[in-house]
Amino acid sequence: MGNSENVCDCDIIHQEQVAVALRTMLDDDTLLNLADFFKILSDSTRVKIVSLLEENELCVCDIANILNMTKSAVSHQLKNLREMNLIKSRKVGKEVWYSLADDHIKKIFEVALEHVNEGNHD
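Scoring rules and cut-offs
Residues numbered from 1 in each chain as written. Predicted model: local features only at pLDDT ≥ 70, side-chain atom pairs only at ≥ 80, totals over all residues. Heavy atoms only, no water. Pairing = 2+ DSSP bridges. Helix = DSSP H or I, 4+ residues; strand = E, 2+ residues; numbered from the N terminus. Contact = heavy atoms within 4.5 Å. Axes fitted to C-alpha atoms, helices over the stretch in contact; angles between N-to-C directions. Left-handed = near helix turned anticlockwise from the far one by under 90°. Nonpolar A, V, L, I, M, F, W, Y, C, P; charged D, E, K, R; others polar.

With reference to specific residues and values, describe the sheet that holds strand β2 (residues 87-92).
Across the sheet, which stays open at both edges, the three strands sit in the order β1-β3-β2 with antiparallel pairing between neighbours. Each edge of the open sheet carries a strand with a single partner, namely β1 (58-59) and β2. Two elements, β2 and strand β3 (residues 95-100), share six bridges in a ladder whose sense is antiparallel. Considered in β3, the bridge of V92 is made with E95. The strands that helix α3 (residues 44-53) touches are β1, β2 and β3; relative to β3, the one it contacts most, it runs at about 90°. The strands touched by helix α5 (residues 71-83) within the sheet are β2 and β3, with β2 carrying the most contacts at an inclination of about 115°.

Quick one: what's the story with the packing of α3 against helix α4 (residues 60-67), residue by residue and with numbers?
Running from amino to carboxyl end, α3 crosses α4 at an angle of 120°, the nearest separation of the two axes being 11 Å. For the element pair α3 and α4, the recorded crossing hand is right-handed. When α3 is examined against α4, the residues K48, I49, L52 and L53 are found in contact with a partner set consisting of I63, I66 and L67. For the contact of α3 with α4, the per-class residue count stands at six nonpolar, no polar and one charged.

Structure below.
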């Protein structure tokens, strides 16, 4: 199976399909925000944290212990996730507890995990 099978060898512009695609294309700001969303999940440490917070509310100390990282390093990653609204925090006394921001994040994570696991069964 060569690469030539995946190359379009036509010189025809399909005007109707192009017009529909242009009408439904997202605006630049939305596309940039979406790219930033996926970029924040491109780091394995942040994905590990999202995975941990999928079913658990944890503090920095807990996450640092589980991932064998410093609290400072975990805090830095939590800040990145919080800035993109992927996680939320609540303060209880001196402790700060982290969880996923909402069900959208959990669903995105679960769908992505399902997709990755399907690819491993081919």
